Amino acid sequence: MPDDLFTEAPEEVTRYFDAKGQRPSLDWTDVAPHEHAIAFTVAQSAGFDVLDDIRAAVSDAVTNYTDYGTFVDELEPLLRKKGWWGRKVRADGKEVQLGSLRRLRTIYWANTSTARAAGEWERIQRTKRGIPFLVYELSSAERRRPEHLGWVGVILKVDDSFWLTHYPPNGWLCQCRVRQITRFEAEELGYDPEVPAPEITTRPWTNRKTGETVQVPRGIDPGWQTNPGVDRARNVARLQASRLDGLTELAGRVAVKDMIGSAPFRAVQSNLFKYDRRVPQDPNRSLVAPVGVLDAERTALMRSGTRTVNLSVADAAKQLDRHPDVTLEQYRQVQDIIATGALYEDRTSEFEFIFQKLIDGKPWAAVIHMSRDRRELFLKSYHRIRDAQFGETARQVR
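One numbering rule holds for all chains: residues counted from 1, following each sequence as written. Residue-level local features of this predicted model are given only where pLDDT is at least 70; pairs of side-chain atoms are given and counted only at 80 or more, and the full residue set underlies all totals for whole chains, interfaces and linings. In computing side-chain properties, one takes all heavy atoms of the structure into account and sets aside hydrogens as well as water.

**Q** Help me understand the nonpolar core, please; the structure alone is not making it clear to me.
**A** Note that soluble globular proteins tend to have their nonpolar side chains buried in a common cluster. Of all hydrophobic cores here, the largest spans 37 residues; its most connected members are Val 291, Val 309, Leu 311, Tyr 331, Phe 355, Leu 379 and Tyr 382. Only heavy atoms enter the contact rule, under which two residues are in contact if any of them lie within 4.5 Å. With residues near it in sequence (within four places) discarded, Tyr 382 still touches Gln 319, His 323, Val 326, Gln 330, Tyr 331, Gln 333, Val 334, Ile 337, Trp 364, Ala 365 and Ala 366. The next biggest cluster of nonpolar side chains, apart from the first, holds 19 residues, and it includes Ala 110, Tyr 167, Cys 174 and Ile 220. Definition used in this section: a nonpolar core is a set of buried Ala, Val, Leu, Ile, Met, Phe, Trp, Tyr and Cys residues joined via side-chain atoms within 4.5 Å. A 1.4 Å probe rolled over the protein chains alone gives each residue an accessible area, and that area as a share of the maximum for its type sets the label: buried under 20%, exposed over 50%, partly exposed in between.

Structure follows, in structure tokens:
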């Protein structure tokens, strides 16, 4: 039960659920784990006018701490009236389960739990400088999974990659939790920086709908092997990138300046996702955050199919290795460089471009790579350059 002082959930919690788009689904496996972070879905809801009703009930439960009993009492009669209840035969001849008390319990638990987990993760990220550790604590459930019991007492820094896959909930109806603690308390509880995180072993799991096989950590149910808060950062960044091309040039530039410094951008720029270039199939490789928007003239000169310049997790990791002194505030200058700096095309490739500009009397360069289908632009490198490197080092475009 919530504290009597609070009658509504914190903004971080409600914002996570409210930001979800609706996506009717025939089966929960129709929506990939990462998409669950931004898509509100109910299995077997396709073809029934019930998604708005269920979403509204869940939203009220998230915002106002509505208990499960009240949630069911208000929603069940409406679903029965619309025919979304019991077992029915689909058009393809398959008998499926529509609404039931068990289904409503799953819908209630999954959405309220992930919303709260994502909200807590956002708060943890805000306060991790002063409270830098998380401890995995005992579940309050009567029946506890043996693997989850094995994680009880694990103390690791907030940014340890262990929490990307093992931040609760870690399965259907999992009631495990973590608690954010100070360094002092971590040491009091026995934290040893020399002790590594628990070894993560995986098992293959095949999505029966798509045929795709993914590796799922042992002890975690398929579909729950992601951190809702981190997935939120991933998907917000992806959504922002797709929308920038539809804005006016001025609006796009303003939007980018607002985005730089946001949680999604910081997550990419600081390599929160622990991208490792030594892992060829690292699932985080394609994650991006917008860093600039070209004007129409330069987009045409480069023959680009997009105006949005993105910073990928892979390029951000490389940038951190090679130019760790570039600050978050200096990334805001990328927009100015690509808008007003000199533009050069690399002599060796029609897909590489160099932007140069003096900023506070010092030369800077931003290297932009265009994908071969000309539909994507990436900031490959951004840093101060020597005076001797400034000028026509390649074919000048404008």
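**Q** Would you explain a nonpolar patch on the surface in this entry?
**A** A residue counts toward a patch only above 30% relative accessible area and without a salt bridge, and it is joined to like-charged neighbours within 9 Å or, for Val, Leu, Ile, Met, Phe, Trp and Tyr, to nonpolar neighbours within 5 Å. For the area figures, the Shrake-Rupley method with a 1.4 Å probe applies, and any residue is considered shielded solely by the protein chains shown. Whenever Lys or Arg places a side-chain nitrogen within 4 Å of a carboxyl oxygen from Asp or Glu, that contact is recorded as a salt bridge. Residues Leu 138, Leu 149 and Val 152 make up a contiguous nonpolar surface patch of roughly 210 Å² in combined accessible area. Per the convention used, a helix needs a DSSP run of H or I reaching at least four residues, while a strand needs a run of E reaching at least two, with both numbered from the N terminus. Position of Leu 149 among the secondary structure elements: in helix α6 (residues 146-149).

**Q** Can you walk me through helix α10 (residues 249-259) in this structure?
**A** Residues three or four positions apart in an α-helix share a direction because the helix packs 3.6 residues into each turn. Of all the residues in α10, the buried ones are Gly 252, Ala 255, Val 256 and Met 259. Down the axis of α10, the buried side of the element spans an arc of 100°, and every buried residue falls inside it. Away from its buried face by more than 90 degrees, α10 exposes Leu 250 and Asp 258. After α10 finishes, the residue Gly 261 shows a positive phi value of roughly 105°. Starting at the helix axis, one direction is taken to each C-beta atom, and the arc is that of these directions.

**Q** Where do I start with the sheet that holds strand β6 (residues 155-157) in this structure?
**A** Hydrogen bonding along the main chain pairs the strands of a sheet, whether they run parallel or antiparallel. Pairing between two strands is assigned when DSSP locates at least 2 bridges connecting them. Read from one edge to the other, the open sheet built from three strands follows the order β6-β5-β7, with strand pairing classed as antiparallel. If you trace the sheet from one side to the other, it starts and ends with β6 and β7 (177-181), each paired once. If you compare each strand with its neighbour and ignore which way they point, the axes differ by 30° on average. Bridge count between strand β5 (residues 133-137) and β6: three bridges; the pairing is antiparallel. Within β6, the residue paired with Phe 133 across the bridge is Lys 157. A fitted line through C-alpha atoms represents every axis, and for helices the fit uses only the stretch in contact; the resulting angles, taken between N-to-C directions, go from 0 to 180 degrees.

**Q** Help me understand the side chain of Thr 66 in this model?
**A** One can find Thr 66 in the loop between α3 (51-64) and α4 (68-81). Judged by its relative accessible area of 10%, Thr 66 falls in the buried class. Nitrogen and oxygen atoms within 3.5 Å of one another constitute a polar contact, given that in protein one can donate a hydrogen and the other can accept it, and given that sequence-neighbouring residues count only through two side-chain atoms. At a separation of 2.7 Å, a polar atom in the side chain of Thr 66 contacts the side chain of Asp 60. Filtering out sequence-adjacent residues up to four positions away, Thr 66 remains in contact with Asp 60, Ala 61, Phe 71 and Tyr 108.

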